[in-house]
Amino acid sequence: MSAGPTPLAQSPMWQALAAHHREIGSRHLRQLFADDSSRGERFAAEAAGIYLDYSKQRITDETLRLLLALAVECGLPERIEAMFRGEVINTTERRAALHVALRRPQGMALVVDGTNVVAEVHAVLDAMTRFAETVRNGDWRGHTGRRIRNIVNIGIGGSDLGPVMAYEALRHYSERALTLRFVSNVDGTDLVEATRDLDAAETLFIVCSKTFTTQETLVNAHAARDWCLSHLEDEAAVAKHFVAVSTNAEGVKQFGIAPGSMFGFWDWVGGRYSMDSAIGLSTLIAVGPEHFRALLSGFHEMDEHFRSAPLTSNLPVLMGLLALWNNNFLGAATQAVLPYEQYLKRLPAYLQQLTMESNGKHVREDGQPVGVDTSPVVWGEPGTNGQHSFYQLIHQGTRIVPCDFIGFAKALNPLGDQHDLLMANLFAQTEALAFGRTADEVKADGDSAPKLVPHRVFEGNRPTSTLLVERLTPATLGALVALYEHSVFTQGTVWGIDSFDQWGVELGKSLAKRTAAELTGGNEPALAHDSSTNALIRRYRRLRTQTET
């Protein structure tokens, strides 16, 4: 009987990396740069319009060699090919993870179970395009004959985070005559505020739910339906003011949406990987078909790079392995994403789901404990706002926070020298984080009282990567998102986990369904929770029925 898989922490390359870390882990970036005058040029790679400078990571050539050997030992090249071939790599849900098929050009083929899924993707994309054009040119009219001027996307998770991030990122390219809003939270305030100043006769809702049973989305969709009908007073209006992104034709029909107004997708599209599927309908309407297809081409260019580039110069592989090094060997529990571009203000939130829902797992695909830390906590804000907020901790705090800085050489909205100042801040921050400021340097400046010197010392040696792009375009946005998708996949492969399921989302949702009835029932329910939950439910019931004074 053969033994099971070797626990990751006991594997030869992991052990080699642990020994390597003991040797160089405390080596300062000041020394690494002093020892290698070409480091800034050598530790860099470029693909799909994105230049990655990772020279300010706390690594050596030997670190890279060992990390790449670990990736090979864990079967990364084979797993990349398995994903692109459409094999069942999402093992717990027994399905492929074929988001890469969503952005393959027309004419390419990818046959899964006898079906060319690329042809199906383009059939849906063509239907989305036709519909979007009717909305954009005014041919699609509301129930009263008025033109649609407002789009409200209703979804949650990837059905919200993807579309809202893409809309904000590409607002420069959007049709300004259209107002777009996004509703995700089951908190009624979200929908009320999104519709407060809208005219129902000019508003179109896009309901995004693969199964058309997602509780939060359906609750919001029915509330939007009631809002619409309270103004338009005719059930027939639903068909002109609602469309669906779903696979549940019967559920969509019962809601009142016309069959031709449903745009489908497939079970091999995970929610957090779906912004380039029909879930992107609001994006397509906002920016138009040409820009949406450019977004897809950017995704595809990075896909092809990930699949074909040598591991040594493969951007997603390098980023994934560096994140793993920081997480598992330097002990960094978080990672900051810091875009120096206001249009990317929702990118950190989007990457939170992509990273933490994908790799926030404690067991491997075989159900055995991973045995090492998995996903870091991802967070961030646009620069320069964060500099006057949390950068204090990044520079002088006791925890190491690796950072990805994202910048663009050309501004979409040039205003005097403001973009140069923005980018000067980006470059200065990465330099300061890497090299810091010693006590001798503080004293040499001569502008500090002796007792203030310790407060003005910066340890440095804080790892960063810089992603530098010419300009934020739909294509570069697609490439950037695909870069992070495949970086997350790289990390998950090394950890041996299924990056495409999300069982951790289920428990709280299932408990909430039971608890909801206990909160609203007329008679005092017989509660069987723990003492804390029981007490909270009883107090909530008293407060919700208490007469206002």
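Cut-offs used in this document
Residues numbered from 1 in each chain as written. Predicted model: local features only at pLDDT ≥ 70, side-chain atom pairs only at ≥ 80, totals over all residues. Heavy atoms only, no water. Helix = DSSP H or I, 4+ residues; strand = E, 2+ residues; numbered from the N terminus. Polar contact = N/O pair within 3.5 Å; in protein donor to acceptor, adjacent residues only side chain to side chain. Contact = heavy atoms within 4.5 Å. Phe/Tyr/Trp six-rings, centres within 6.5 Å; stacked < 30°, edge-to-face > 60°. Buried < 20%, exposed > 50% of the residue type's maximum accessible area, 1.4 Å probe, protein only. Lys NZ or Arg CZ within 6 Å of the ring centre and 35° of its normal.

**A word on the side chain of serine 499**
Move 1: Looking at the secondary structure, you find serine 499 in the loop between α19 (474-495) and α20 (506-520).
Move 2: Here the side chain of serine 499 touches asparagine 359 through a polar contact of 2.6 Å, side chain to side chain.
Move 3: Beyond its immediate chain neighbours, meaning those up to four positions away, serine 499 contacts Arg272, Tyr273, Ser358, Asn359, Lys361, Val488 and Gly492.

**Focus on the packing of aromatic side chains**
The description of two aromatic rings rests on the distance between their centres and on the angle between their planes.
Move 1: Within this structure, the stated rule accounts for 19 aromatic pairs.
Move 2: Plain terms: the ring middles of tryptophan 14 and phenylalanine 329 are 4.8 Å apart, the flat faces sit at 40° to each other, and that makes the pair tilted. Separated by 315 residues along the polypeptide, tryptophan 14 in helix α1 (residues 12-24) and phenylalanine 329 in the loop between α14 (315-328) and β10 (334-339) bring together distant segments of the chain. Each member of the pair, tryptophan 14 as well as phenylalanine 329, is classed as buried.
Move 3: Each ring, one from tyrosine 273 and one from phenylalanine 500, has its centre 5.4 Å from the other, and the planes form 50°; the classification is tilted. Taken together, the residues tyrosine 273 in the loop between β9 (262-263) and α12 (281-287) and phenylalanine 500 in the loop between α19 and α20 connect sequence positions 227 residues apart. Phenylalanine 500 matches tyrosine 273 in its accessibility class, with the two residues each being buried.
Move 4: Through a chain of ring-to-ring contacts, three or more aromatic side chains come together here, namely Phe205, Phe212, Trp227, Phe242 and Phe255.
Move 5: The ring of phenylalanine 33 carries arginine 39 above its face, with NZ or CZ at 5.4 Å from the centroid.
Move 6: Just above the ring of tryptophan 140 sits the side chain of lysine 240; from NZ or CZ to the centre is 4.1 Å.

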